Amino acid sequence: AILTLENSNLNDVVTASYDSIMSIPDGYSTANIEIEEQLTVEQLLQLLLVHSANDAANILAEYIGGSIDSFVSMMNTKANELNMQNTHFTNTYGKHDENHYTTANDLSILMKYCMKNSTFRTLAGLKSCIIPATNKYEERIFKTTNDLLISDNRDVQSNYYYRYAIAGKTGYTTEAKNCLVSVANKDGFELICVVLGVGVIPNNLSGKFLDTKNLFEYGYNNYAIKKIRDKNAIATQ
């Protein structure tokens, strides 16, 4: 997402290729984008960050990098630039691969960098997105996979809403289990939380959201930003 924002315009129109769609294995989340469907960069980013659409990731990768392999090289270059010392990518969307890995610390570095981009902040905090009719589909609506942001659920998911949450990205594979990188802002104090490898917890609840809420509460209950002195103030006895 951040490489797309840094290397394209939101209103650029992109055409989905055969390879970008058909190379995604069964079981991985998609937006059912069709071959030759035309979408804007902004729409693809919304599908990527709101709906976890892996087909959108591949389509953007081909558009930005010229090929998926070239884009993956760009991802690794950016990780090195950000000093993400224990990260290596082999694909655009997290397909399981022994050589595709990262750490909680590296993901926090990446999220901190991404949140400096105002467009990323907006897209990663959307509760839903509306994709207007395209050359292949009628209008579609997608809801975020990040239940920290949803306040109006009437079922068990209401346990997951966190009023200070402003952005985040979920992830899941069988091997990686449930993962979530998220950001909260309380009175101007922003925290980043990373939870990885969350398994099943009692009562069928989603541990990635509950753990994240608990960690944010720990952070806000135990840390604060304090003004020590004014900038350029002269120290006196």
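Residues numbered from 1 in each chain as written. Predicted model: local features only at pLDDT ≥ 70, side-chain atom pairs only at ≥ 80, totals over all residues. Heavy atoms only, no water.

Asker: What is the right way to read the packing of helix H4 (residues 54–65) against helix H5 (residues 68–81) from this model?
Answerer: How two helices sit against one another is set out by the angle between their axes and by the gap between those axes. One way to put it is that H4 packs onto H5 with a least axis distance of 8 Å and a crossing angle of 85 degrees. For the element pair H4 / H5, the angle class is roughly perpendicular. Every residue of H5 that contacts H4 at Asn58, Ala61, Glu62, Ile64 and Gly65 is listed here: Ile68, Ser70, Phe71 and Met74. Its residues assigned to classes, the contact of H4 with H5 comprises 5 nonpolar, 3 polar and 1 charged. (Axes fitted to C-alpha atoms, helices over the stretch in contact; angles between N-to-C directions. Helix = DSSP H or I, 4+ residues; strand = E, 2+ residues; numbered from the N terminus. Parallel < 35°, antiparallel > 145°, perpendicular 65-115°, else oblique. Contact = heavy atoms within 4.5 Å. Nonpolar A, V, L, I, M, F, W, Y, C, P; charged D, E, K, R; others polar.)

Asker: It is not clear to me how the packing of aromatic side chains should be interpreted in this structure. Could you clarify?
Answerer: Aromatic ring pairs: the centre-centre distance and the angle between the two ring planes describe each pair. Inspection of the entire model under this criterion finds 6 aromatic pairs. When the ring of tyrosine 162 is compared with that of phenylalanine 216, the centres are 5.5 Å apart and the planes differ by 10 degrees; the resulting orientation is stacked. Here tyrosine 162, found in the loop between strand S4 (140–143) and strand S5 (165–173), pairs with phenylalanine 216, found in helix H8 (residues 207–222); they are 54 residues apart in sequence, far enough to count as distant. Just as tyrosine 162 is buried, phenylalanine 216 falls in that class too. (Phe/Tyr/Trp six-rings, centres within 6.5 Å; stacked < 30°, edge-to-face > 60°. Buried < 20%, exposed > 50% of the residue type's maximum accessible area, 1.4 Å probe, protein only.)

Asker: What's the story with the nonpolar core in this structure? I'm lost.
Answerer: A general trend in soluble globular proteins is that nonpolar side chains are found buried together. Core analysis: the largest hydrophobic core is formed by 36 residues, its most contacted members being Ile33, Leu44, Leu45, Leu47, Ala56 and Phe120. Counting residues per element, the ones that place at least two in this core are helix H1 (2–7), helix H3 (41–51), H4, helix H6 (104–114), helix H7 (118–123), strand S3 (128–131) and strand S6 (177–186). When residues of this core are assigned to their parent elements, the largest contribution, 7 residues, is made by H3. Dropping the residues within four chain positions of it, isoleucine 33 is found in contact with Ala16, Ile21, Leu39, Leu44, Leu47, Asp55, Ala56 and Ile59. One finds Tyr164, Ala165, Phe189 and Leu191 within the second-largest nonpolar core, a separate group that totals 16 residues. (Core = buried A, V, L, I, M, F, W, Y, C linked by side-chain atoms within 4.5 Å.)

Asker: Can you walk me through the pattern of salt bridges in this structure?
Answerer: Two side chains that carry opposite charge are able to pair once their charged atoms sit near each other. Throughout the structure, instances matching the rule amount to 5 salt bridges. Measuring nitrogen to oxygen at the nearest pair gives 2.5 Å for the salt bridge that ties glutamate 190 to arginine 121. Placement of glutamate 190 in strand S7 (residues 189–198) and of arginine 121 in helix H7 is noted, with a sequence separation of 69 residues between them. Classification of arginine 121 as partly exposed rests on a relative accessible area of 29%. The shortest N-O distance in the salt bridge between lysine 227 and aspartate 230 comes to 2.5 Å. Owing to a relative accessible area of 68%, lysine 227 belongs among the exposed residues under this scheme. (Salt bridge = Lys/Arg side-chain N within 4 Å of Asp/Glu carboxyl O.)

Asker: What exactly am I supposed to notice about the pairing of S3 here?
Answerer: A regular strand carries its side chains on alternate faces of the sheet. Across the two faces of S3 the burial differs, with Cys129 and Ile131 buried and Ser128 and Ile130 not buried at all. Relative to S4, S3 is paired through 4 bridges, and the arrangement is antiparallel. The residue of S4 that forms the bridge with cysteine 129 is phenylalanine 142. (Pairing = 2+ DSSP bridges.)

Asker: Looking at this structure, I do not really get H5. What am I missing?
Answerer: Every α-helix winds through 3.6 residues per turn, so residues three or four apart in the chain are directed the same way. An ideal rise of 1.5 Å per residue puts 20 Å on 14 residues; H5 measures up with 20 Å between its terminal C-alpha atoms. When we look at burial in H5, the residues that qualify are Phe71, Val72, Met75, Asn76, Lys78 and Ala79. Along the long axis of H5, the arc covered by the buried residues comes to 160 degrees, so they all point the same way. Within H5, the exposed residues directed more than 90 degrees away from the buried face are Asp69, Asn80 and Glu81. Residues of H5 that are buried in the fold lie against H1, H4 and H6. One or two positions beyond H5, positive phi appears at asparagine 83, with a value near 60 degrees. (Expected span 1.5 Å × (residues − 1). Arc of directions from axis to C-beta.)

Asker: Help me understand the side chain of serine 17, please; the structure alone is not making it clear to me.
Answerer: Note on placement: serine 17 falls in the loop between strand S1 (13–15) and helix H2 (18–22). In terms of polar contacts, serine 17 uses its side chain to reach the side chain of glutamate 62, at 2.6 Å. Once you skip the residues sitting within four places of it in the chain, serine 17 turns out to touch Ile35 and Glu62. (Polar contact = N/O pair within 3.5 Å; in protein donor to acceptor, adjacent residues only side chain to side chain.)

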